[in-house]
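Chain and residue survey
Okay, here's what each chain looks like letter by letter:
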Number of protein chains: 2
Amino acid sequence: MEMREKCKGMLLVLSGPSGVGKGTLAKRLLQEDGSFAFSVSVTTRAPRPGERDGVDYFFVTEEEFQRMVRAGELLEYAAVHTAHYGTPRAAVEERIRQGQNVLLDIDVQGGLQVMRCMPDCVSVFILPPSYTALVRRLAGRGTETREAIEKRMRNAPGEIACMPSYEYTVINDDLETAWRTLHGIVEAEKRAVSRCLPEMGDTVEEALSLLDE
Amino acid sequence: MEMREKCKGMLLVLSGPSGVGKGTLAKRLLQEDGSFAFSVSVTTRAPRPGERDGVDYFFVTEEEFQRMVRAGELLEYAAVHTAHYGTPRAAVEERIRQGQNVLLDIDVQGGLQVMRCMPDCVSVFILPPSYTALVRRLAGRGTETREAIEKRMRNAPGEIACMPSYEYTVINDDLETAWRTLHGIVEAEKRAVSRCLPEMGDTVEEALSLLDE
């Protein structure tokens, strides 16, 4: 256990068009891999009953939010309806320093912002097997208005066009296969030298001390 | 099947100190993953009975070898006893273009040369759990002279010190665990956007054509 704690954590950015199933994959990763935590967002909207500051969201005023934007304290931010939402850089960086992994399930615009701020993040784009399959899946959800579905369909091509900016891509044709692939990427990235060099320290130090003799 | 063939292959560089077990891991990868081929080396030594040119080695004269070095036709090369050995760049690049993966089981000096020539290769360094464990393993092989073992032991610290130049590191404490980790890295790298963009082409093209409408 002590070995893992010495490792730097990873920031995993998971994006893809609406309806591709990235929420399901994100939930499964959080359930099955205890090393991952979900990033707590900042928002200007009022807390709903039961929501706790610092747990569900960091609740801030519009003025405080704008100050955070200007000070570069947000990895990404966006407006949803009349409220602002953002990802606080300090909280993510602190977790990573402590060796925790952080998952961001985020739209493409947010994902691209995060990659610019933190170029050593691991970015995965979930693709549908085809655009037609995505349209079918969105329509089949049955939980959204026709208007909302049409908006998502209009956005999807522009989102998919951003895929080449990501590091990895996973096709979600069969959910089980997609999960195994995502899990494999996460396990491989845990072995990235850039992150686990401290963990390797003992063997390398031992080797270097022998060189000096 | 056709999807895979459109993908660019990867060049996997596998290094680590002598005795760490990278040969065993390399053999298993070639056995279990049909997408990998071993790179055929160039050598100036004479063919042994049964060895075929272009299959076991490319057999060349010393003059031809030196010409290849000067022309930059080798990804790496080294002298072993009185002969020269090298990895021909053209053969590796041709396989990768065709979508095949190429495995190079190579010492650290060679690995560093290859990384300079082909920076988009995937590099994995196999580490022993400790230097002491490596020494024990080398001595326990029972196939080498005491002199050879001592030489390998002297080289190991310098080799391990090069680990930070590699992209991934795998600790070979338990062979089965090390194999699963290496296999996971390979599977993840098959999903790297930089290599599989052509495979994704249909979905992205379809999305882009919808943007134009």
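Note that the coordinates shown come from a computational prediction; the quantities given were computed from them, not determined experimentally.

Analysis parameters
What you see as residue numbers is a count from 1 along each chain, following the sequence as written. Here every chain gets a letter starting at A, and every ligand a number starting at 1, in the order they are written. It should be noted that, the model being predicted, local features are given only for residues of pLDDT at least 70 and side-chain atom pairs only at 80 or more, the latter also being counted only at that level, while totals for whole chains, interfaces and linings use all residues. We place the copies in one frame by least squares, fitting the C-alpha atoms of every residue whose pLDDT is at least 70 in both. It is the C-beta atoms, placed from the backbone, that decide contacts: two residues are in contact if theirs lie within 7 Å. For every residue, the other C-beta atoms within 10 Å of its own C-beta are counted; 20 or more classify it as buried, 12 or fewer as exposed, and values in between as partly exposed. C-beta atoms are placed from the backbone. Put simply, DSSP H or I for four residues or longer makes a helix, DSSP E for two residues or longer makes a strand, and each gets a number counted from the N terminus. Note: two strands are recorded as paired if DSSP finds a minimum of 2 bridges between them. To get an axis, fit a line to the C-alpha atoms, keeping to the stretch in contact for a helix; angles then go from 0 to 180 degrees between the N-to-C directions. Working definition: roughly parallel below 35 degrees, roughly antiparallel above 145 degrees, roughly perpendicular at 65 to 115 degrees, and oblique for all remaining angles. Crossings are assigned a handedness: left-handed for a near helix turned anticlockwise from the far helix by less than a right angle, right-handed for a clockwise turn. Only Asp, Glu, Lys and Arg are considered charged, only Ala, Val, Leu, Ile, Met, Phe, Trp, Tyr, Cys and Pro nonpolar, and every remaining residue, Gly among them, polar. Picture the helix axis, draw a direction to every C-beta atom, and the arc is the one those directions span.

1. Section: the relation of the copies chain B and chain A
Note on the identical chains: chain B maps onto chain A by a rotation of 180° and an axial translation of 0.0 Å, with an RMSD of 0.0 Å. Taken together, the rotation angle and the small translation identify this as a two-fold axis. Across chain B, the smallest distance between a C-alpha and the rotation axis is recorded for B:Gly184, namely 2.6 Å. Residue by residue, 100% of the interface of chain B is reproduced at the interface of chain A, so both copies engage with the same surface.

2. Side note on the pairing of strand β8 (residues 122–127) of chain A
Residues and elements named next belong to chain A. Taken across its six residues, β8 has six buried, putting it largely inside the fold. Of the two faces of β8, the one carrying Val-122, Val-124 and Ile-126 and the one carrying Ser-123, Phe-125 and Leu-127 are both buried. By the bridge criterion, four bridges tie strand β1 (residues 11–15) to β8 in an arrangement that is parallel. Opposite Leu-14, over in β8, you have Val-124 as the bridge partner. Of the strand pairs in this sheet, β8 and strand β9 (residues 168–171) are connected by four bridges, and their pairing is parallel. Each bridged residue has a counterpart across the sheet, and for Phe-125 the counterpart in β9 is Thr-169.

3. With respect to the interface of chain B and chain A
The partner chain A presents 34 residues to the 34 residues of chain B that form the contact. Ranked by residues supplied to the side of chain B that touches chain A, first place goes to helix α9 (residues 193–212) of chain B with eleven residues.

4. Regarding the environment of A:Val102
Among the secondary structure elements, A:Val102 is positioned in strand β7 (residues 101–105). Accessibility expressed as a C-beta count within 10 Å gives 24 for A:Val102, which makes it buried.

5. Remarks on the packing of helix α6 (residues 131–140) of chain B against helix α7 (residues 146–160) of chain B
Residues and elements named next belong to chain B. One can describe the packing of α6 onto α7 by two numbers: an axis separation of 10 Å at closest approach and a directional angle of 160°. Taken together, the axes of α6 and α7 are roughly antiparallel relative to one another. Once α6 is placed against α7, the crossing between them reads as right-handed. Seen from α6, the contacting residues are Tyr-131, Leu-134, Val-135, Leu-138 and Ala-139; seen from α7, they are Ile-149, Arg-152, Met-153 and Ala-156. By residue class, the composition of the contact of α6 with α7 is eight nonpolar, no polar and one charged.

6. Here we look at the environment of A:Pro164
Within the secondary structure, A:Pro164 sits in the loop between α7 (146–160) and β9. On a C-alpha basis, the gap between A:Pro164 and A:Gly19 in space is 19 Å, while along the polypeptide they are 145 residues apart. With near-sequence residues (within four places) excluded, A:Pro164 lies in contact with B:Val193 and B:Leu197.

7. Quick notes on the packing of helix α2 (residues 22–32) of chain B against helix α8 (residues 175–189) of chain B
Residues and elements named next belong to chain B. Two elements in contact, α2 and α8, have axes whose closest approach is 11 Å; the angle formed by their N-to-C orientations is 55°. Overall, the two elements α2 and α8 adopt an arrangement that is oblique. For α2 against α8, the interelement crossing comes out right-handed. Where α2 abuts α8, its residues Thr-24, Leu-25, Arg-28 and Leu-29 lie against Leu-175, Ala-178, Trp-179, Leu-182 and Val-186.

8. Structural notes on the sheet that holds strand β4 (residues 57–59) of chain B
Residues and elements named next belong to chain B. With mixed pairing, four strands are arranged side by side in an open sheet as β4-β3-β6-β5. The open sheet has two free edges, formed respectively by β4 and β5 (74–80), since each of these has just one partner strand. Between one strand and the next, the sheet's axes are offset by a mean angle of 25°, whatever the strand orientation. Packing against the sheet, helix α5 (residues 108–117) makes contact with β5 and β6 (83–88), and its axis sits at approximately 160° to β5.

9. Here we look at helix α2 (residues 22–32) of chain A
All names here are of chain A. When α2 is considered as a whole, its buried residues turn out to be Lys-22, Leu-25, Ala-26 and Leu-29. Seen end-on, α2 carries its buried residues on one side only, within an arc spanning 100°. α2 presents Gln-31 and Glu-32 as exposed residues on the side facing more than 90 degrees away from its buried surface. Against β1, β2 (36–38), β7, β8 and α8 (175–189) lie the buried residues of α2.

10. Describing the environment of A:Ile171
All names here are of chain A. By the element assignment, Ile-171 lies in strand β9. With 22 C-beta atoms counted inside 10 Å, the residue Ile-171 sits in the buried group. Counting along the chain gives 85 residues from Ile-171 to Gly-86, while the straight-line C-alpha distance between them is 28 Å. Every residue in contact with Ile-171, bar those within four places of it in the chain, is listed here: Leu-127, Pro-129 and Ala-178.

11. With respect to the sheet that holds strand β1 (residues 11–15) of chain B
All names here are of chain B. One open sheet accounts for five strands, arranged β2-β7-β1-β8-β9; its pairing is parallel. The sheet terminates laterally at β2 (36–38) and β9 (168–171), the two strands that pair on one side only. For this sheet, the mean inter-axis angle between neighbouring strands, taken without regard to orientation, is 25°. Where β2 and strand β7 (residues 101–105) come together, three bridges link them in parallel fashion. Residue pairing for β7: Ala-37 is matched across the bridge by Val-102. Strands in contact with α5 are β1, β7 and β8 (122–127); relative to β1, the strand with the most contacts, it is inclined by about 155°.

That's the geometry; what it means functionally is another story.
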